[in-house]
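# Examination of the molecular architecture
Residue-level listing of the chains:
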Amino acid sequence: MGRIVAIAGGDLKSTRPLNQYAVRLSGKYNPNVLFVGTASDDAPPYINNFTAAFSELGCNVKCLNLVSEEYDKEKTDALASWADIIYVGGGDTVAMMKVWKQYGFDKKLMEVYKNDTAVLTGISAGAICWFKCGHSDSESFYKDDWQYVWADDMLGIFPAAFCPHYNEDGRDSFDSMLKDKNMVGLAMENDTAFVLNGYEQYHIRCNDNAKAYMLRYNGDELAKREVIFKDVGL
């Protein structure tokens, strides 16, 4: 079993303790971190901010720019093999997955997960991707009059529907949209993360006021309960 830290939302400053936890899970003092910025079209400011933030954590950073550069399988495989941590950035989840499938990078990530060769982590789109599907604002990147949609056909490591940024406006539509899915839903506010560490699954947070919820429909009735966070010394 692999290691995953799926961060629901926030920024590089507020989620620093969660990122530090991913570094801790790597077991390396100066881990190699591969940033995958596909969902943001390899936006240079995002890449620069990420590189600075993780360099401050003592990491060696490289970037996989599948949108703005050309890669072959040998090069992507080499970067994935180099990494102790693979971090997937936020942005357009649906577009990100389309690009990954073009390059076969979705299969590479599954290989990394199954062989547990690196900690897999990320935020927003970079959290949704590890689940079966996710509550996504992908339409907002190309429509003025947009609505939340399902980002389907994700990697499916966790057989659940995931909602990031659950404390933000409009994200409560996840509750009603989940009725169309015959599966458990996990809704998490910013500054929280869902963790898989071997065979153990738990939730962590770096903001004592942040919450997360498990949801499931029984017929027309929605059952919703608040999750308990694990104290991992953040």
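Look above for the structure.
Residues numbered from 1 in each chain as written. Predicted model: local features only at pLDDT ≥ 70, side-chain atom pairs only at ≥ 80, totals over all residues. Heavy atoms only, no water.

## Concerning the sheet that holds strand 8 (residues 158–163)
- Taken together, the six strands give an open sheet; going across it, the order is 7-6-8-9-12-13, and neighbouring strands pair in mixed fashion. Two strands in the sheet have a free side with no partner beyond their single neighbour: strand 7 (149–151) and strand 13 (221–226). Sheet twist, expressed as the mean angle between neighbouring strand axes with direction ignored, is 25°.
- Two elements, strand 12 (residues 212–218) and strand 13, share six bridges in a ladder whose sense is antiparallel. Each residue of the ladder has a partner; that of Y217, found in strand 13, is L222. (Pairing = 2+ DSSP bridges. Helix = DSSP H or I, 4+ residues; strand = E, 2+ residues; numbered from the N terminus. Axes fitted to C-alpha atoms, helices over the stretch in contact; angles between N-to-C directions.)

## Let's talk about the pattern of salt bridges
- For the structure on display, the rule yields 12 salt bridges.
- Where R3 meets D116, a salt bridge forms, and the shortest distance between an N and an O atom there is 2.8 Å. Of the two residues, R3 sits in strand 1 (residues 3–7) while D116 sits in the loop between helix 5 (105–115) and strand 5 (119–123), which places them 113 residues apart along the sequence.
- The salt bridge involving D77 is made with K108; its shortest N-O contact spans 3.9 Å. Of this pair, D77 sits in helix 3 (residues 73–82) while K108 sits in helix 5, and the two are 31 residues apart along the sequence.
- Residue classification places D77 among the buried positions, given a relative accessible area of 17%.
- Taking the relative accessible area as the measure of exposure, K108 reaches 11% and is therefore buried. (Salt bridge = Lys/Arg side-chain N within 4 Å of Asp/Glu carboxyl O. Buried < 20%, exposed > 50% of the residue type's maximum accessible area, 1.4 Å probe, protein only.)

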